[in-house]
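# Geometric and topological summary
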Amino acid sequence: MDLEEIKEVFFTESSDLLQRIESTLLSLESDPTNPRERLDDLFRCVHTIKGSAGIFGFERIVKFTHHLEEVLDELREGINSLTSESIALFLDCRDYISEIIEDIANQRDSKDKDDLEKTLLEKLKHYQKKEPPPIEAPPVEPIALEIAKQTIYKSPEIIQEILKPEVPSLEEEPERKNLWHISVRFKENTFKHGLDPFPVFKYLQKHGEIINLFTLTHNLPELEDWNPEACYLGFELVYKSEKDKNFIEEAFEFVKFDTDLIILHPERTAEDICEFLSSRTERKLRLIKILLYIGAITPRELKAVLDLHRVRKDFMSSPTSNLPKQVPVQTTKNNIQDSSIEKIKEIKTKPTPKDSKTIRVDLSKLDHLINLVGELVISSANLNQYSISKQDESLQEIVFHLNQLISELRDSALNLRMVPIGETFNRFQRVVRDICNELGKEVDLKITGGETELDKSVVEKITDPLTHLVRNALDHGIEDKEERIKLGKTPKGILHLHAYHETGSIVIEVKDDGRGLSKEKIYKKAQEKNLINSTREYSEDEIFRFIFLPGFSTAEKVTNLSGRGVGMDVVLKNIESLRGTVNILSKEKEGTTIQVRLPLTLAIIDGFLFQVGTSYFVVPLEQVVECVEFKPEFLNGENKDIINLRGHPLPFFALSNLFFTQNIPSKKTRKNILVVRYMQREVGLLVDSLLGEFQTVIKPLGKIFTNLKGVAGSTVLGNGEVALVLDLPSIFQLVIQREQEKLKKNRRET
Amino acid sequence: MDFQLEPTTVKGEYKVSIGGNFTIYLLEKWKKFILENIQSIDTLILDLKHLKEIDSAGIQALLITKNYFRRLKKNFILIHHPACIISHLDLFGLVGFMEDKISISKKDKEIYKFSYGIKKLPKVLKKWI
């Protein structure tokens, strides 16, 4: 792997991490309770980006992430608190990092972002300064008395003793700058694993000053019970260093699986100390005394802890505490059971990290594999036709088995490219949040069907059109809070992104409960633009489809989000380029649903092969409902476009009429109807010979045929002939258009 | 390495010399040795003059032995501390716990401060911890 390839890995990983930062920030915004774990995750993401950027010497990223990391560290240590303003600031920082990385990837200069960087750094600095120091500082003597009077320890004289002026280190508050408190308990297997605390402390000593270290000996067993290979040691350290928490954690890196490590920041709050004390199993009083003695906590901090404790009487509840216990055993047991059940539930619901079971593969390698599988599919189809022509049963049997295997191989290969659409949907959390903030609207984004999978190349190309649809829904669809209340709707609008599979396609819906499309307004606008033919009537769908015309907008005011009439035409064009369609369902005052139908994959399909004249055609097998022999009695006297199929009317058309200007003489007298379904409608295609199932690799037609409607691509048959893969959605549209033109002509004549 | 109990001129006082390493691999033997001989010992002097290496497991063994002797109201005394043991006792702040006299050279005084742990603790607090 050369440097460029490793850089590529950095770009991909950073993009994943930035995505994770964004979703974590958004989740913190919507649910700020219990933020610790998520803040840790945020910190780790930023730290990883910083580390990786450092390897490549991307100094700008390193410098910026370092500042961000500091702020995040203070947040998770509880020194600063999380507000919606700070989340917005972090989101901006995330965007900035993303832009810089993009610049590096595209070898662009980032000078234009100097100002932005400066502003963000200032904001971060300001944010750091904002919070007041955690503990107020009243004089020492009254504290001793107060603690002595009010403490629940029942032995105030001990505290008085502790705070007596003759204990030199307690007489005055020491300078707390850069003083870390490290509390570490080594696990029983430390020595067995060949590890030793001594070199760790030596290392710390080398990079800072150990102000005090206290070896906890209370866990040492009696000699008779002592297991000479087990470790019973624990340490409390006061460490002075300008390094960050990460450095201290790294010092314990080698022993991290054999230690229980807690690091308290120099500027920790009383709550941090309280939390620390509750997490340690030692007798609290003993531990507090040790900490006071070594200067890990100051008397003022102790007072703050005790004050806090009076409010939250939880940290003293260790089993060895001196507190009288009046809790009935049964209740405690139930509590334990409940809490362990909760814990198990928590573990079960926690998503397992995806990374542990996946590997990263270069997309070009995957594409190459799929190309090869495609070639294999074509060759196997050739072999299949050859074996049929040879009429050799044993050969046919082998080919049949081979085809089955190739079919499975093809499905697995295509599956490799399938990704759930959920990831794309989740990106809209941010889009919705930002737009709502800008518009002052309140909207709940609901996401369902995120697990629906589709080809990666389709996912990549669908993001832009979807963003546009979402923006439109938020800007034009969903009303203001006041308007919604007037209309009797909930004050918060709902935007629903939904995905599901339907006969060989994936359907993506963007649904809002807003004001809906106004048929009259669109019609009027279309009239103004001379798009309306007054001689004919327009269906609802046709009127709605005007919004897809370039420059068409009914918006009264143009915002920077939408309203210029540029966009819906691009949306349609993008989706059509993916062989997809857009469908609009809308009810005025109730809302709009835009349905986007896309093929599952762009490369290989199970097709149905048939012939018209001497030409071969393929349609996707999922869209074929049935094949019936065409009989003249199907025809309904007057109407030549509808047949009576078992009592049901079925519109049909001859493909030969669509593709060939003149009737091609067919030797075969028997004709067939191929019944196909698209968007819950069934239509018959009049064709000549039916040749059956056929695995097809769709080859693009080339630039010269870009404007050719009705054909999605081509494929090569075993006999060397070329078959055209039909694009049914556009064929339907083509037929409808022709019929309408015919009708118009007829009307004019009559 | 086997531990040899040598009687001194004082009744009930014995000396054991440790050479080489006092690390995790020896500790099972050490435990056995102490348990087998404790009956006859009032004071055990551990001569560390020839000790080359000790690890934290070895230090922990000394702490446990010290506690054991204390409980039985007997004496466990270390003498001739080599550098390897002084550096451990200094860093872990255990000089006060072991309560042994340590003689060090002038040069070593600059290296070892003996400023950590229980040694600094005022007597009034010592009994509680």
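Just above sits the structure.
Counting from 1, residues in each chain are numbered in the order their sequence is written. Throughout, the order in which chains and ligands are written sets their labels, letters from A for the former and numbers from 1 for the latter. Given that this is a predicted model, residues contribute local features only at a pLDDT of at least 70 and side-chain atom pairs are listed and counted only at 80 or more, while totals for whole chains, interfaces and linings are drawn from all residues. Water and hydrogen atoms play no part in the side-chain values, which are based on all heavy atoms of the structure.

The next subject is the interface of chain B and chain A. Every residue pair with non-hydrogen atoms within 4.5 Å of one another is taken to be in contact. Listed per partner, the contact involves 36 residues of chain B and 37 residues of chain A. Summing both sides of the interface, chain B and chain A together bury roughly 3,300 Å²; the carbon and sulfur share of this comes to 70%. The salt bridge definition used is simple: a Lys or Arg side-chain nitrogen within 4 Å of an Asp or Glu carboxyl oxygen. At the junction of chain B and chain A, the tally comes to 2 salt bridges. The residue B:Arg71 makes a salt bridge to A:Glu222 at a minimum N-O spacing of 2.7 Å. Polar contacts, as used here, are pairs of N or O atoms within 3.5 Å; protein pairs need one atom able to donate a hydrogen and one able to accept it. Residues neighboring in sequence count only if both atoms are side-chain atoms. Put simply, chain B and chain A have 10 residue pairs in polar contact (both at pLDDT 80 or more) between them. Only α1 (27-37), α2 (56-71), α3 (83-91) and α6 (123-126) of chain B provide two or more residues apiece to the side of chain B that touches chain A. Numbering goes from the N terminus for both helices and strands, where a helix is a DSSP run of H or I of at least four residues and a strand is a run of E of at least two. With 10 residues, the top contributor of residues to the side of chain B that touches chain A is α2(B). Each residue is assigned to one class: nonpolar for Ala, Val, Leu, Ile, Met, Phe, Trp, Tyr, Cys and Pro, charged for Asp, Glu, Lys and Arg, and polar for all the others, Gly among them. Looking at the side of chain B that touches chain A, its residues break down into 22 nonpolar, 8 polar and 6 charged. Here the quantity called buried area is the accessible surface, traced with a 1.4 Å probe, that two parts lose on coming together, added over both.

This part covers the packing of aromatic side chains. All names here are of chain B. Note on aromatic contacts: the rings of Phe and Tyr and the six-membered ring of Trp form a pair at centre separations within 6.5 Å, being stacked when their planes are under 30 degrees apart, edge-to-face when over 60 apart, and tilted otherwise. Inspection of every chain in the model, using the stated rule, returns 23 aromatic pairs over all chains. Between the aromatic rings of phenylalanine 3 and phenylalanine 33, the centroid separation amounts to 5.4 Å while the plane-to-plane angle is 40°, which identifies the pairing as tilted. Placement of the pair is phenylalanine 3 in the segment before β1 (6-7) and phenylalanine 33 in helix α1, with a sequence separation of 30 residues. Accessible area is worked out with a 1.4 Å probe on protein chains only. A residue is then buried under 20% of its type maximum, exposed over 50%, and partly exposed in between. By relative accessible area, which is 9% here, phenylalanine 3 ends up buried. Residue classification places phenylalanine 33 among the buried residues on the basis of a relative accessible area of 7%.

Moving on to the environment of A:Asp258. Residue and element names in this part refer to chain A. Position of aspartate 258 among the secondary structure elements: in the loop between α10 (245-251) and β4 (259-264). A residue is classified by how much of its surface remains accessible, and aspartate 258, at 8% relative accessible area, is buried. On a C-alpha basis, the gap between aspartate 258 and leucine 195 in space is 8.5 Å, while along the polypeptide they are 63 residues apart. Setting aside residues up to four positions removed in sequence, aspartate 258 forms contacts with Arg185, Phe186, Lys187, Asn189, Thr190, His193 and Leu195.

Here we come to the pattern of salt bridges. All names here are of chain A. Taken as a whole and assessed by the stated rule, the structure comprises 37 salt bridges over all chains. Salt-bridge contacts for arginine 44 lead to aspartate 41; the nearest nitrogen and oxygen are separated by 3.8 Å. Pair noted here: arginine 44 and aspartate 41 are both in helix α2 (residues 36-56), with a separation of 3 residues, about one helical turn. On the basis of relative accessibility, which here comes to 16%, the residue aspartate 41 falls in the buried class. Note that glutamate 483 is salt-bridged to arginine 515, the shortest N-O span being 3.3 Å. Within this pair, whereas glutamate 483 is found in helix α19 (residues 481-486), its partner arginine 515 is found in the loop between β9 (505-512) and α20 (519-528), the two being separated by 32 residues in sequence. Taking relative accessible area as the criterion, arginine 515 reaches 30% and is therefore assigned partly exposed. Put simply, Glu22, Glu29, Arg94, Asp95, Arg430, Arg433 and Asp434 are held in one network by salt bridges that share partners.

All names here are of chain A. With axes taken as lines fitted to C-alpha atoms, and helix axes fitted only over the stretch in contact, angles between N-to-C directions fall between 0 and 180 degrees. The N-to-C vectors of helix α3 (residues 59-76) and helix α4 (residues 84-105) enclose an angle of 160°; their axes lie 11 Å apart at closest approach. Taken together, α3 and α4 sit at an angle that is classed as roughly antiparallel. Where α3 crosses over α4, the two elements pack in a sense that is left-handed. Where α3 approaches α4, its residues Arg60, Ile61, Phe64, Thr65, Leu68, Val71, Leu72 and Leu75 are matched on the opposing element by Phe90, Cys93, Tyr96, Ile97, Ile100, Ile101 and Ile104. Broken down by class, the residue content of the contact of α3 with α4 amounts to 13 nonpolar, 1 polar and 1 charged. Should an angle lie under 35 degrees it is considered roughly parallel, over 145 roughly antiparallel, and from 65 to 115 roughly perpendicular; all remaining angles are considered oblique. The sense of a crossing depends on the near helix, which, turned anticlockwise from the far helix by less than a right angle, makes the crossing left-handed and, turned clockwise, makes it right-handed.

It is worth spelling out the sheet that holds strand β8 (residues 493-502) of chain A at this point. Within a sheet, neighbouring strands are paired by backbone hydrogen bonds and run either parallel or antiparallel to one another. All names here are of chain A. With mixed pairing, the 5 strands of this open sheet are ordered in space as β6-β8-β9-β11-β10. Lying at the two open borders of the sheet, with one neighbouring strand each, are β6 (443-448) and β10 (581-587). Strand-to-strand, the axes of this sheet are offset by a mean angle of 15°, without reference to chain direction. Strand pairing is assigned whenever DSSP identifies at least 2 bridges connecting the two strands. Bridge count for β10 against strand β11 (residues 591-599) is 7 bridges, and the pairing is antiparallel. Looking at β11, one finds that asparagine 583 is bridged to glutamine 595.

In this section: the nonpolar core. Counting 69 residues, the largest nonpolar core has A:Phe201, A:Phe252, B:Phe22 and B:Trp30 as its most contacted members. At 8 residues, α2(B) tops the list of elements feeding residues into this core. If we skip the residues at most four places from it in the chain, B:Phe22 touches B:Phe3, B:Leu27, B:Trp30, B:Leu51, B:Glu53, B:Ile54, B:Asp55, B:Gly58, B:Ala61 and B:Leu62. Take the buried Ala, Val, Leu, Ile, Met, Phe, Trp, Tyr and Cys residues and link them wherever side-chain atoms come within 4.5 Å; each set so joined is a nonpolar core. By size, the runner-up hydrophobic cluster in this structure holds 45 residues, among which are A:Ala473, A:Ile478, A:Ala499 and A:Phe548.

Our next topic: the side chain of B:Asp90. Relative to the helices and strands, B:Asp90 is located in helix α3. One buried charged side chain, B:Asp90, makes no salt bridge at all; its nearest oppositely charged neighbour is A:Lys202, positioned 6.3 Å away. Each residue touching B:Asp90, except ones within four places of it in the same chain, is listed here: B:Val95, B:Ile111, B:Tyr112, B:Lys113, B:Phe114, B:Ser115 and B:Tyr116. Only four residue types enter the charge count, namely Lys and Arg as positive and Asp and Glu as negative; His and the chain termini do not.

With that settled, the discussion passes to helix α24 (residues 728-749) of chain A. The α-helix winds at 3.6 residues per turn, so residues separated by three or four positions along the chain end up facing the same way. For α24(A), built from 22 residues, the straight-helix expectation of 32 Å at 1.5 Å per residue is met to within 8% by its first-to-last C-alpha distance of 31 Å. Those residues of α24(A) that fall on the buried side of the exposure criterion are A:Leu728, A:Pro729, A:Ser730, A:Ile731, A:Phe732, A:Leu734 and A:Val735. An expected span of 1.5 Å times one less than the residue number is assigned to each helix.

Looking now at helix α16 (residues 393-416) of chain A. When the terminal C-alpha atoms of α16(A) are compared, their 35 Å separation across 24 residues agrees well with the 34 Å that a helix rising 1.5 Å per residue should span. All of the buried residues in α16(A) are A:Val399, A:Asn403, A:Ile406, A:Ser407, A:Arg410, A:Ala413 and A:Leu414.

Among the structural elements, B:Gln60 can be located in helix α2. Judged by its relative accessible area of 1%, B:Gln60 falls in the buried class. Engagement of the side chain of B:Gln60 in a polar contact is seen with the backbone oxygen of A:Ala230, the distance being 2.7 Å. Discounting chain neighbours no more than four positions away, the residues touching B:Gln60 are A:Phe191, A:Leu220, A:Trp226, A:Ala230, A:Cys231, A:Tyr232 and A:Leu233.

Turning to the packing of helix α11 (residues 270-279) of chain A against helix α12 (residues 284-294) of chain A, a few remarks are in order. All names here are of chain A. Where α11 meets α12, the axes come as close as 10 Å, and the angle between the chain directions of the two elements is 130°. Between α11 and α12, the angle is such that the two are oblique. Considering only the axes of α11 and α12, their crossing is right-handed. Seen from α11, the contacting residues are Phe276, Leu277 and Ser278; seen from α12, they are Lys284, Leu287, Ile288 and Leu291. For the contact of α11 with α12, a count of residues per class yields 5 nonpolar, 1 polar and 1 charged.

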